[in-house]
Amino acid sequence: MPRVVIPVRCVKTDMRMPVPDTPTIARRQQIVGALRRIVPDGVIADEAAMRPYECDGLAVYRQIPLVVVLPSTVEQVSAILRYCNANNVKIVPRGAGTSLSGGALPLADAVTIGLGRFNRILEIDWDNRCVVAQPGVTNLAITNAVQHRGFYYAPDPSSQIACSIGGNVAENAGGVHCLKYGLTTNNVLGLQIVLPDGEVVRVGGRHQPEGEGYDLMGLLTGSEGLLGIVTEVTVRILRKPETVRAMLMGFASNEAAGDAVAAIIGAGVVPAGLEMMDRLAIHAAEEFVHAGYPLDVEALLIAELDGPQAEVDYLVERVAAIAARCGAACVRVSASEDERLRFWAGRKAAFPAVGRISPDYLCMDGTIPRRRLAEVLARIRALSEKHGLRVANVFHAGDGNLHPLILFDANRPGELERAEEFGADILRLCVEVGGVLTGEHGVGVEKRDLMPVMFDEVDLEQQQRVKCAFDAGGLLNPGKVFPTLHNCAEMGRLRVSGGQLPFPDLPRF
Amino acid sequence: MGDPLIATDEASARDAIGWAVSEKTPIEIMGGGTKRALGRPIQVARGLSLAGLSGIEDYEPSELVMTAWAGTSLAEIEATLAANGQRLAFEPPDYRALLGGAADGATIGAVFSCNLAGPRRTAAGAARDHLLGIRGVNGRGEIFKAGGRVVKNVTGFDLCKLVAGSFGTLAALTQVTFRVFPIPEAEATVLVIGLLEQDAVAVMIEGAQSPHEVSGAAHLPAGIAALSGVSAVGGAGRAVTALRVEGPAPSVVHRVAALRRCFAPLGEIEVLEAEGSQAFWREVRDVTPFAGDSRLVWRLAVPPAGGAAVVAEVGRRIEAEAILDRGGGCVWLATAQKAEEAAGAVRDAAATVGGSATLIRAPEAVRSHADVFPPLAAGLRDLTARVKRAFDPLGLLNPGRMYAGL
Amino acid sequence: MQTSFTPDQLRDPAITAADEILRKCVHCGFCTATCPTYVLLGDENDSPRGRIYLIKDMLENDRPASDAVTRHVDRCLSCLSCMTTCPSGVNYMHLVDVGRQRIARTGRRSAADRLLRWLLARVLPSPERFRLALLGARMARPFAAFLPGRLKALVKLVPPAARTAILEPRVFPAEGVRRRRVALLAGCVQQVLDAEINAATIRLLTKHGCEVVVAEGAGCCGALAYHLGREEEALAGVRSNVRAWIRERTARGLDAIVINASGCGTMVKDYGFLLRNDPELAPGAAEVSALARDVTEVLAAVGLKAAVAGAGTTVAYHDACSLQHGQGVREAPRLLLQGAGFEVRDVPEGHLCCGSAGTYNILQPELATRLRDRKAANVDGVGADVVAAGNIGCILQLAPAIGRPLVHTVQLLDWATGGPRPRVLDQANWLN
Ligand SMILES: Cc1cc2nc3c(=O)[nH]c(=O)nc-3n(C[C@H](O)[C@H](O)[C@H](O)COP(=O)(O)OP(=O)(O)OC[C@H]3O[C@@H](n4cnc5c(N)ncnc54)[C@H](O)[C@@H]3O)c2cc1C
Ligand code: SF4
Ligand code: SF4
């Protein structure tokens, strides 16, 4: 049974969220009091001070939470969840609030739990090559903590300067180095989780788990805060390669750049990163970092090659040759570590740098089969004309993970709606060519209503039954990921047809 | 058990489970049957074989992705990939010799259901890390899908991870989509001869901490090394510690030289080139040294630095032979004692470093009574049961395969 | 980001400026993690993005400053780390100043708080008044333990024996061929607290061929009052400075206005914006901003003489926020020190403020102390012989917490090029 849904107090007209529970809102004082007893110095109940929590990195959807609580110990998190579970109060977890899919969007009748105070690295275990961190530690802080001994944490979302490792786990974040080194899920060794009923459990450890029951760690990674609150993360760290070089390759068209990507991968080269930017994005990023990007090309590829000097030299040559064959207008190889970092700095700052050329943008995140790259880019351009909005492309080309940035001006009536329609068209296109709605940013509220484009009712019910196994009351981050909320008891019921083997041609003995 | 129902397509697999649901009768999900001796034995009246549901559905080498029906044989998949210069990077093992039994090869569905991996796991992950999308039939008799067919995807919960390593207790997989990788141009293995376990682990840690991208690190004590069919290993007469590197030829040459320089002061060095290296790692992958006898075989997953300590700890209580794989993070133990006694010693030892132990080889009678998989912590037991019910509310699929009563 | 100002509101130039800034913010959150207060407190409200939001809400709704906005904007150090981080080019500095002025006008503060702020704004910018106050404070120092929190912080900051000397307007001729003619901002607090810095600056500049003039009529840069939200008071000072320097430039020519306290440098470089709507002084202010240079920028341009002393001394270089974030000067001081033969080491978490931040250590002693101790641990961890910084505020703030001597960058450069060896290098406890 779909629950009734109503619009959030937000710009978007048709984004519907579960109806706030009036009795819960009526009990607000009592709930605030209970939370204050659990976290005396960390409850924000004042409306003005709750406002900065009303959205995450997707600022077009906004909602003031019921109350915000900032615990600093696992015991506090557990006590909050126990209280909420016992009193039927909803909860929205929040890390650094950089989600681009509205995963941390508050609800009017839910407690927002901010994990910003969990910002300590607990242990660095060099021999086992792992780091144990609290969930609020930023992704970059992990690399910063280990780089003096030549190590790093491989998944590097562009937002790594700010996003939290707990949020990375919740979203299964990726980054420019995921082509070779995997996503968050391939780099996490252990988690401590507080389940919706307040129980604290550990999965995994400092080893690569094997045969240790269902892979709950794999399930929790990417569960968008719907299954439990991550209170500790153990990640593996890797040794920095001997040599790392980045290459800039400029092309006269997106198509030529797209072909080069397919040719590089097709040749059996797996670069550590392979990224693409189009003209608008190149210009915006160049203005911020002065990386020396060529400004007279339509598309720019950034490839990173790592390994021993001999290997890197060899691969740089091969990639340069492929690029030349695909018509590259210019090829530049980083000559120093500084220059390499500058090549990347522009790419990593590209989304917000677009803020220099447009007041607002929506970032799409579909993944497509690489071979359809050129075609999809051309169709996005056509859509851009149809909707009358500019689009800047910055993306993980090696993975086929697109990030079209739809530029608009929220102050102009109607533009947001047009941007949203444009976005939905792009995502439908991705699914149509055999791809998916989201490669790394998560479904959140943004792509929630498009889930049926990819999954049928049975698929979605199967996922929701898993949700029920963790959270029968539906209290954790409701209204995200799933377009309709079902009642767990109802979904658990079995529809048995009854009777005999229902088909004749299955051999029976 | 009566002869199995044989699914020839997805619909017939669904109908078979649908029938089991309507009859409330448990059913055993089978692929090639090579891994029936893995896990707890199942006592059910009826099997469902998916071996007939076979064929490669989609494979575009430049996408580095393949989609195949679950019953496709691993051999067919590996041959097709090899013809295109590609492979499954997680090095799925072949336990036929170790476990005895079926002569037919494994199916790709079973490889993922059991989440197997070989020595490359530290560098490339296990089967779970490569599974991108699934189709399957749940315990309600419904066909569902999860994941996708592209390398990067976070649309919805990652049910692929749950199903990988669930030994058919959550769903009968009908189709899998997984990542494939180019076969590196060259490989070589550096052998350090004559190290004690503790020193071997130190060498393997150093190898892993080096920038040389070691893609396999194993240690065979003298008695086990002697069984190897690779002459440099079999004839070493002492313990052998092996480190593998793979990549473009010039890079392999460079790294072999670097590793040699690094470890020469510790012991005699030998280098295995292409075929020798491949043959050696096949033996490690398939645990061949333990294949010929009837001892219990355990697989311990531990923090790599704890590998040697665990072996020593077990050795204090019972007699055991050990192979260290994955840089010390995977310990293979063969024990001759009675199951309960061995289980106590092995599991306690694994626990001292926060690891776990799985009983990989044991007679059926032992596996039906003892815990095969590491017992679940209290907090996880109920959750696991609830997850199982979320897929299979009546408990029809491979009941008891992983845990008694589940 | 979307904003909702009415056309009526937008007639106020401060609101127009704020609107433009707000629209640039895309709410990405990159700035949160490099903000010292967010790092300490983990509350979105104590992050740049949160403050931007609070200010936006206050301005859009024409609300008097709520306690929340006052509390969280007061905690902002104005270190501008957020501006270095922001890829979108959001001018947080200008936005928070608009916010501060609104808070000063409409916020509720306790009487004690108002008094303290008034005192700071009145006393600090005037060297004479400050020197008198110092005398009082120095006498109060033994009784610091009995004073209430923030007053105690103020009194404790005063070094027991500062080398005071107030610079009168005059000209210091260049040695040898004159290559540049520069005006030196004599500063207010600095010259009272440590006259050595100005002395070293003048020696250094003159021996590198710069004629240095302390212009008649130029005084405090106005930053202290401005950041306390006392716009009018501050702008009066700004105007007289602009007049003084333009007068000097017109009469005898100026190649640069040199500032050796980076907090002041950031302010002077912003005069053009501050007086953008001043019908009379807008062009002059823009000219002054264009001429303003940190002392290290000038030295980097003229080139340093060969070093004769100090070689091999290890120096932990502390980036003052106003220099690294406010003015984007990071390379010049490092290169100069290296060029002079010092071994320069970077301090981990260099982007985080030491807690000095103008009057912050007086107004927010608890947070300032936590930041100071964190910074001190990072600096000491580097294990250098001496610590160099380009701002007096940082030096005063860190001195009591750091186990090694602290000097201004110019003091080391002066020593290396033939000037006196900084006295603090020879003192076990440099404060006494
Ligand atoms: C400019 C920009 C660039 C980006 N680039 C990338 C990129 O390259 N790759 C990429 O993958 N992503 C990228 N992102 C998206 C975003 O940074 C990631 O999704 C990140 O993982 C979110 O982390 P967070 O700490 O900000 O989480 P939040 O935004 O606070 O929350 C995200 C979700 O996680 C949940 N959550 C947070 N913490 C916890 C916890 N401890 N336990 C349980 N649930 C929790 C929340 O409920 C929410 O559903 C980018 C974002 C921006 C603004
Ligand atoms: S100026 Fe400094 S303290 Fe203030 S918001 Fe920016 S980074 Fe934070
Ligand atoms: S970094 Fe810039 S654009 Fe991003 S939230 Fe901060 S101020 Fe806004």
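Computed from a prediction, not measured in an experiment: that's the story for all the values here.

### Observations concerning helix H1 (residues 10–23) of chain B
Residue and element names in this part refer to chain B. The terminal C-alpha atoms of H1 lie 20 Å apart, and with 14 residues this matches the ideal 20 Å at 1.5 Å per residue to within 8%. What H1 keeps buried is the set Glu 10, Ser 12, Ala 13, Ala 16, Ile 17, Gly 18, Trp 19, Ala 20, Val 21 and Ser 22. After H1 finishes, the residue Lys 24 shows a positive phi value of roughly 50°.

### Observations regarding the packing of aromatic side chains
Residue and element names in this part refer to chain B. For the coordinates displayed, the defined rule picks out 12 aromatic pairs over all chains. Taking the centre distance of 6.1 Å and the plane angle of 75° together, the rings of Tyr 95 and Trp 332 count as edge-to-face. Taken together, the positions of Tyr 95 in the loop between strand E6 (86–87) and helix H3 (96–99) and Trp 332 in strand E17 (residues 330–335) put the pair 237 residues apart, joining distant regions of the chain. Each member of the pair, Tyr 95 together with Trp 332, is buried.

### A look at the confidence of the model for chain A
For chain A, mean pLDDT is 91; residues scoring 70 or higher make up 94% of the total. This stretch, residues 1–13 of chain A, has a pLDDT under 50; its non-local contacts, to residues over four places away or in other chains, come to 41 contacts.

### Let's talk about the confidence of the model for chain B
Across chain B, pLDDT averages 93, with 98% of residues at or above 70. Taken together, the chains of this predicted complex give a pTM of 0.92 and an interface ipTM of 0.95.

### What about the interface of chain C and chain A?
Residue-level contacts link 33 residues of chain C with 41 residues of chain A. For the pair chain C and chain A, the summed buried surface comes to about 2,900 Å²; carbon and sulfur atoms form 53% of the total. Contact with chain A buries area across many residues of chain C, yet Gln 2, Phe 30 and Tyr 53 of chain C alone supply 22% of it, more than any other trio. For the pair chain C and chain A, the interface holds three salt bridges. At the junction of chain C with chain A, the criterion picks out 18 residue pairs in polar contact (both at pLDDT 80 or more). Looking at the side of chain C that touches chain A, the elements with two or more residues in it are helix H1 (13–24), helix H2 (36–41), helix H3 (48–60) and helix H5 (81–85) of chain C. Per-element tally for the side of chain C that touches chain A: the top contributor is H3 of chain C, with five residues. In the side of chain C that touches chain A, the residues fall into 13 nonpolar, 14 polar and six charged.

### Here's the deal with the state of the cysteines
Covalently bonding the sulfur atom of one cysteine to the sulfur atom of another cysteine gives a disulfide. Tallying each qualifying case throughout the model produces one disulfide over all chains. In this model, Cys 468 of chain A is linked to Cys 488 of chain A through a disulfide, with the two sulfur atoms separated by 2.0 Å. Handedness here is read from the sign of the S-S torsion; for Cys 468 of chain A and Cys 488 of chain A, about -90°, the answer is left-handed. One end of the pair, Cys 468 of chain A, is in helix H17 (residues 457–470); the other, Cys 488 of chain A, is in helix H18 (residues 488–492), with 20 residues separating them in the sequence. Distance from the sulfur of Cys 210 of chain C, which forms no disulfide, to the nearest cysteine sulfur (Cys 264 of chain C) is 19 Å. By relative accessible area, which is 0% here, Cys 210 of chain C ends up buried.

### Let's talk about a nonpolar patch on the surface
A contiguous nonpolar patch, built from Leu 115, Trp 118 and Leu 119 of chain C and spanning about 290 Å² of accessible area, is present on the exposed surface. By the element assignment, Trp 118 of chain C lies in helix H7 (residues 111–123).

### So, the site of ligand 1
In the vicinity of ligand 1 there are 37 residues, among which Pro 93, Gly 95, Thr 98, Ser 159 and Ser 164 of chain A approach most closely. One chain alone does not account for the residues near ligand 1; they come from chains A and C. The separation between an oxygen atom of ligand 1 and a polar main-chain atom of Gly 167 of chain A is 3.2 Å. In the complex, the protein chains occlude 100% of the 970 Å² of accessible area that ligand 1 would expose alone. Elements supplying a minimum of two residues to the shell around ligand 1: strand E5 (90–94), helix H6 (165–171), strand E12 (229–236) and helix H13 (350–353) of chain A. The dominant element in the shell around ligand 1, judged by the number of residues it contributes, is H6 of chain A, at five residues. When its residues are assigned to classes, the shell around ligand 1 shows 16 nonpolar, 17 polar and four charged.

### Notes on helix H4 (residues 74–87) of chain A
Residue and element names in this part refer to chain A. Along its 14 residues, H4 runs 20 Å from first to last C-alpha, staying within 8% of the 20 Å computed at 1.5 Å per residue. Where H4 is concerned, the buried positions are Val 74, Gln 76, Val 77, Ser 78, Ala 79, Ile 80, Leu 81, Tyr 83 and Cys 84. Where H4 terminates, the next one or two residues include Asn 88, which has phi positive at roughly 55°.

### Some thoughts on the pairing of strand E12 (residues 214–220) of chain B
All names here are of chain B. Counting buried residues in E12 gives seven out of seven residues, a clear majority hidden from the surface. Pairing of E12 with strand E13 (residues 240–247), which is carried by six bridges, proceeds in the antiparallel orientation. Residue pairing for E13: Gly 216 is matched across the bridge by Arg 244.

### Describing the sheet that holds strand E4 (residues 67–69) of chain A
Residues and elements named next belong to chain A. Here four strands make up an open sheet; going across it, the order is E3-E4-E6-E5 and the pairing mixed. A single partner strand is all that each edge strand has here, and the edge strands are strand E3 (43–44) and E5. Where E3 and E4 come together, two bridges link them in antiparallel fashion. Following the sheet pairing, Ile 44 is matched in E4 by Val 68.

### Considerations on the interface of chain A and chain B
Across the contact, 105 residues belong to chain A and 91 residues belong to chain B. Carbon and sulfur atoms supply 57% of the area that chain A and chain B bury against each other, a total of about 8,000 Å² over both sides. For chain A, the biggest contributors to the area lost against chain B are Glu 210, Tyr 214 and Gln 462 of chain A; these three give 11% of the whole. Viewed at the interface, chain B and chain A are joined by 12 salt bridges. Residue Glu 311 of chain A is joined to Arg 255 of chain B by a salt bridge in which the shortest nitrogen-to-oxygen separation is 3.9 Å. At the junction of chain A and chain B, the tally comes to 30 residue pairs in polar contact (both at pLDDT 80 or more). Residue contributions to the side of chain A that touches chain B peak at nine residues, all from H17 of chain A.

### What about the site of ligand 2?
All names here are of chain C. Close contacts around ligand 2 come from Cys 35, Pro 36, Pro 48, Arg 51, Cys 76, Leu 77, Ser 78, Cys 79, Leu 80, Ser 81, Cys 82 and Tyr 92, and that covers them all. Elements with a contribution of two residues or more to the shell around ligand 2: H3 and H5. A per-class count over the shell around ligand 2 returns nine nonpolar, two polar and one charged.

Analysis parameters
- Residues numbered from 1 in each chain as written.
- Chains lettered and ligands numbered in written order.
- Predicted model: local features only at pLDDT ≥ 70, side-chain atom pairs only at ≥ 80, totals over all residues.
- Heavy atoms only, no water.
- Helix = DSSP H or I, 4+ residues; strand = E, 2+ residues; numbered from the N terminus.
- Expected span 1.5 Å × (residues − 1).
- Buried < 20%, exposed > 50% of the residue type's maximum accessible area, 1.4 Å probe, protein only.
- Phe/Tyr/Trp six-rings, centres within 6.5 Å; stacked < 30°, edge-to-face > 60°.
- pLDDT = per-residue confidence, 0-100.
- Contact = heavy atoms within 4.5 Å.
- Buried area = accessible area lost by both parts, 1.4 Å probe.
- Salt bridge = Lys/Arg side-chain N within 4 Å of Asp/Glu carboxyl O.
- Polar contact = N/O pair within 3.5 Å; in protein donor to acceptor, adjacent residues only side chain to side chain.
- Nonpolar A, V, L, I, M, F, W, Y, C, P; charged D, E, K, R; others polar.
- Disulfide = S-S within 2.5 Å.
- Patch = residues over 30% accessible without salt bridge, like charges linked within 9 Å, V, L, I, M, F, W, Y side chains within 5 Å.
- Areas by Shrake-Rupley, 256 points an atom, 1.4 Å probe, with all protein chains shown as cover.
- Near = heavy atom within 4 Å.
- Pairing = 2+ DSSP bridges.

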